[in-house]
Amino acid sequence: MRVITGKARGVNLKTPDGLKTRPTTDRVKEAMFSIIQFELPGARVLDLFGGTGQLGIEALSRGAKSAVFVDSGEQACSLIRENLRRTKLEANAKVVRADYLEYLQRCNERFDIILLDPPYAEVFLENALKKLTQIDILQSGGIIVAERPVGKELPWEFQGFSRSRDYKYGSTLLTLYRRDSIEK
């Protein structure tokens, strides 16, 4: 696993031992960042299920202003910190060890992009999407990128959000939700 492009291009990222974490493949990661490439410069990013940190690190490498990485596991948080050091991107990053729903409940930051790649077998994705559409941490016009396996359905509608088409890469689907613009 490596950083595909940007400031940290080509840096190999450390991965966990065992099968507990399922990192996003390079093919899916490259597709994801091609889809959101024009949203990244200067963006504040939330990588809600940090794992290895590879999605938030890719965003930082490609010009995101900052990234917050959330994971409930101490080993995952240590791995994210190690990968941030390897890529020399730690200055614009924050690693938070917390349950994703607890973090969202107390979050007082606002983001432009939220990346969701939770364990596939759980209902974390559905719960995170529901919570994210009920709280006010995504900027007007901001996007949520959800990665999921083929066969796992997601709601088409959340009040205040528009869903794009699904992007299919092998057995993986990417879905984007954009927060509707709020007139002031």
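Model, not experiment: these values are computed from the prediction. Sequence order as written defines the numbering, with residues in each chain counted from 1. Confidence filtering applies because this is a predicted model: local features only for residues at pLDDT of at least 70, side-chain atom pairs given and counted only at 80 or more, and all residues used for totals across whole chains, interfaces and linings. By convention in this description, side-chain values take in all heavy atoms of the structure and omit both hydrogens and water.

(A) The pattern of salt bridges, seen in detail. By definition here, a salt bridge exists when the distance from a side-chain nitrogen of Lys or Arg to a carboxyl oxygen of Asp or Glu is within 4 Å. On inspection of all chains with the given rule, the structure shows 16 salt bridges. Between Arg81 and Glu74 there is a salt bridge; the shortest N-O distance is 3.9 Å. Here's how the labels work: a residue is buried when its accessible area is under 20% of the maximum for its type, exposed when over 50%, partly exposed in between, all with a 1.4 Å probe on protein chains only. Among the residues examined, Arg81 registers a relative accessible area of 31% and is labelled partly exposed. Overall, the relative accessible area of 37% leaves Glu74 in the partly exposed class. One salt bridge connects Asp166 with Arg163, and the closest N-O pair in it is separated by 2.9 Å. Each of Arg2, Asp26, Lys29, Glu58 and Arg62 takes part in salt bridges that share partners, so that together they form one network.

(B) Highlighting the environment of Leu116. Comment: elements are numbered from the N terminus, with helices defined as DSSP H or I runs of at least four residues and strands as E runs of at least two. Checked against the element boundaries, Leu116 lands in strand 4 (residues 111-116). Taking relative accessible area as the criterion, Leu116 reaches 1% and is therefore assigned buried. Taking the C-alpha atoms as reference points, Leu116 and Asn127, eleven residues apart in sequence, are found 11 Å from one another. Dropping the residues within four chain positions of it, Leu116 is found in contact with Leu48, Phe49, Leu125, Ala128, Leu129, Leu132, Ile144, Val145, Ala146 and Glu147. The contact rule is simple, with two residues in contact once any of their heavy atoms fall within 4.5 Å.

(C) Quick peek at the sheet that holds strand 4. Reading across from one edge, 3-2-1-4-5-7-6 is the order of the seven strands in this open sheet, with mixed pairing throughout. For this open sheet the edge positions go to strand 3 (93-97) and strand 6 (161-169), each flanked by a neighbour on one side alone. Sheet twist, expressed as the mean angle between neighbouring strand axes with direction ignored, is 15 degrees. In terms of strand pairing, strand 1 (residues 44-47) meets strand 4 through three bridges, oriented parallel. The residue bridging Leu46 from the neighbouring strand is Ile114, located in strand 4. The axes are straight lines fitted to the C-alpha atoms, using for helices just the contacting stretch, and the angles between their N-to-C directions are given from 0 to 180°. Contacting strand 4, strand 5 (138-149), strand 6 and strand 7 (172-179), helix 1 (residues 26-35) crosses the sheet at an angle of about 25 degrees to strand 7. Along the sheet face, helix 2 (residues 54-61) touches strand 1, strand 2 (66-71), strand 3 and strand 4 and points at about 175 degrees away from the line of strand 2. Paired strands, as defined in this entry, are two strands with at least two bridges between them according to DSSP.

(D) Region of the structure containing the side chain of Asp47. For Asp47, the position within the fold is in strand 1. In this tally, Asp and Glu contribute negative charge and Lys and Arg positive charge; neither His nor the terminal groups of the chain are included. No salt bridge is formed by the buried Asp47; the nearest opposite charge belongs to Lys29, separated by 9.9 Å. Those residues within four positions of Asp47 in sequence are excluded, and the remaining contacts are Gly53, Leu55, Gly56, Val68, Phe69, Val70 and Leu115.

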